[in-house]
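Residues per chain are reported as follows:
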Amino acid sequence: MRKLMSGRLLIIAMVILGVLVATNSSFAMKKLRVLVVPFNNNSPAKYSWLGYGIMDSTVGNLMKLNDVAVITDDDRKKAMKEIKFQLVGATAEDSNVKVGEMLGANSILSGSYTVVGGKLRIVAKLVSIKSGYVLNCTIITGKYDDIFNLQDKIVFTLFAKI
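Calculation rules
Residues numbered from 1 in each chain as written. Predicted model: local features only at pLDDT ≥ 70, side-chain atom pairs only at ≥ 80, totals over all residues. Heavy atoms only, no water. Helix = DSSP H or I, 4+ residues; strand = E, 2+ residues; numbered from the N terminus. Expected span 1.5 Å × (residues − 1). Buried < 20%, exposed > 50% of the residue type's maximum accessible area, 1.4 Å probe, protein only. Arc of directions from axis to C-beta. Core = buried A, V, L, I, M, F, W, Y, C linked by side-chain atoms within 4.5 Å. Contact = heavy atoms within 4.5 Å. Salt bridge = Lys/Arg side-chain N within 4 Å of Asp/Glu carboxyl O.

S.K.: Where do I start with helix α5 (residues 147-158) in this structure?
M.R.: An α-helical turn contains 3.6 residues, so a residue and the one three or four places further along point in the same direction. The end-to-end C-alpha separation of α5 is 17 Å, in line with the 16 Å expected for 12 residues at 1.5 Å each. Every buried residue belonging to α5 is among Ile147, Leu150, Gln151, Ile154, Val155 and Leu158, and all of these are buried. Taken end-on, α5 shows its buried residues confined to a sector of 145°, consistent with a single buried face.

What follows is the structure in structure tokens.
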């Protein structure tokens, strides 16, 4: 039974990776293949929408970089549906790593944000899937009303050294 499940997982992974490569022929040639996940909210629930907004802005800015292939949250969700029976009991981070590997990512971009007294702090990190080490991290703080400029700084500060 286990061999059958492992075989099915391998086939599913190959199909998903094949679709990614077919839709973006340069995918395999990119040095950095990044799975971007929603940012975690450390603020009151009324700010929970912001995690997806930060993620979307980050994806948009990553797409502007030449040597980076982006794997979106939609890709992650599709893959998680396919393997959810194998992810029972796994933490969100463990699940993202397994799905990231399955989708051909070599790193995960994740983070969190906090809104306090009209200020917004965003913490973003790029983590290697293979080693689990943080490749780079950035902390961006500013006025909540300046949210779009703060979001735009994430990719450019996080990837400046890479």
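The structure having been displayed, the exposition proceeds.
S.K.: I would appreciate a short explanation of the nonpolar core in the present structure.
M.R.: Across soluble globular proteins, nonpolar side chains show a tendency to be buried alongside one another. Core analysis: the biggest nonpolar cluster contains 26 residues, and Val34, Leu62, Leu109 and Phe159 have the highest contact counts within it. Sorting the residues of this core by element identifies β1 (32-36), α2 (50-62), β3 (68-71), β4 (107-116), β5 (119-128) and α5 as the ones contributing at least two each. The contacts of Phe159, once residues within four sequence positions are left out, are Leu32, Val34, Leu62, Leu65, Val68, Leu109 and Leu126. Core analysis: the next-biggest nonpolar cluster, separate from the first, contains 9 residues, Leu35, Met102, Ile108 and Ile129 among them.

S.K.: Sorry, what's going on with the pattern of salt bridges here?
M.R.: Opposite charge on two side chains allows them to pair when their charged atoms are near. Using the criterion set out here, one finds 1 salt bridge in the structure. Of the charged contacts, one joins Asp67 and Lys31 as a salt bridge, the two residues approaching to 3.6 Å between their closest N and O atoms. Pair noted here: Asp67 is in the loop between α2 and β3 and Lys31 is in the loop between α1 (2-23) and β1, with a separation of 36 residues, a long-range link. For Asp67, a relative accessible area of 40% gives the class partly exposed.

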